[in-house]
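The chain contents come next:
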Amino acid sequence: MEAETAPEPGTLVYDLVARRVGEYRDTTGPYAMLRPVGGGREWQADPGRIRPATAEERLAAALRAANARSGRAL
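Residues numbered from 1 in each chain as written. Predicted model: local features only at pLDDT ≥ 70, side-chain atom pairs only at ≥ 80, totals over all residues. Heavy atoms only, no water.

**Q** Can you walk me through the pattern of salt bridges in this structure?
**A** When their charged atoms lie close together, side chains carrying opposite charge are able to pair. If you walk through the whole model with that rule in mind, you get four salt bridges. With a closest N to O distance of 2.8 Å, E23 and R25 form a salt bridge. By relative accessible area, which is 15% here, E23 ends up buried. A relative accessible area of 34% means that R25 is categorised as partly exposed. (Salt bridge = Lys/Arg side-chain N within 4 Å of Asp/Glu carboxyl O. Buried < 20%, exposed > 50% of the residue type's maximum accessible area, 1.4 Å probe, protein only.)

**Q** Hey, could you run me through the nonpolar core in this one?
**A** Within soluble globular proteins, side chains that are nonpolar generally end up buried alongside one another. Counting seven residues, the largest nonpolar core is built from V13, Y24, A32, L34, W43, A45 and I50. Looking at this core, the elements that each hand over two or more residues are β3 (31–36) and β4 (43–45). Not counting the four nearest positions on each side in its chain, W43 is found in contact with D15, A18, R20, V21, G22, A32, M33, L34, R35 and P36. (Core = buried A, V, L, I, M, F, W, Y, C linked by side-chain atoms within 4.5 Å. Helix = DSSP H or I, 4+ residues; strand = E, 2+ residues; numbered from the N terminus. Contact = heavy atoms within 4.5 Å.)

**Q** Teacher, can you tell me more about the sheet that holds strand β5 (residues 50–52) here?
**A** Strand pairs in the sheet, formed through backbone hydrogen bonds, run parallel or antiparallel to each other. Read from one edge to the other, the open sheet built from five strands follows the order β4-β3-β2-β1-β5, with strand pairing classed as antiparallel. Strands at the two margins of the open sheet, each flanked by one partner only, are β4 and β5. With strand direction ignored, the average angle separating the axes of adjacent strands in the sheet is 50°. By the bridge criterion, four bridges tie strand β1 (residues 12–15) to strand β2 (residues 20–28) in an arrangement that is antiparallel. Paired with Y14 across the strands is V21, a residue of β2. (Pairing = 2+ DSSP bridges. Axes fitted to C-alpha atoms, helices over the stretch in contact; angles between N-to-C directions.)

**Q** Got a minute to help me understand the environment of Q44 in this structure?
**A** Relative to the assigned elements, Q44 resides in strand β4. Remark: the alpha-carbon pair of Q44 and M33, spanning 11 residues in sequence, is separated by 4.8 Å. Excluding residues within four positions of it along the chain, Q44 makes contact with Y31, A32 and M33.

**Q** Would you mind going over unusual backbone geometry with me for this structure?
**A** With the exception of glycine, the majority of residues adopt a negative phi angle, and the majority of peptide bonds are in the trans configuration. Although it is not a glycine, R19 adopts a positive phi angle of roughly 60°. Note that R19 resides in the loop between β1 and β2. Since its relative accessible area comes to 66%, R19 is described here as exposed.

**Q** It is not clear to me how the side chain of D15 should be interpreted in this structure. Could you clarify?
**A** Here D15 shows up in strand β1. Buried within the structure, D15 lacks any salt-bridge partner; its nearest side chain of opposite charge belongs to R49, at an N-O separation of 6.5 Å. At 3.2 Å, the side chain of D15 and the backbone nitrogen of A18 are in polar contact. Within polar-contact distance, the side chain of D15 engages the side chain of W43 at 2.7 Å. In contact with D15, other than residues within four places in its own chain, are R20, L34, W43, A45, R49 and I50. (Lys, Arg positive; Asp, Glu negative; His and termini not counted. Polar contact = N/O pair within 3.5 Å; in protein donor to acceptor, adjacent residues only side chain to side chain.)

Structure (structure tokens):
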């Protein structure tokens, strides 16, 4: 994603490099800052290598977060 088309904060995006869904937080320098669904440590992503998460990706990420909260691993 280019800087001028940055997603709204809170939007779920898919990081093509890390191969995971994250919540878009903001852009810091040349990086997009993403946070795991359900909370956790933020990571930096290349804004050109993220895209909106699909419905299936959003659902899978939410399920992993719910399982983590309940103490179950997926």
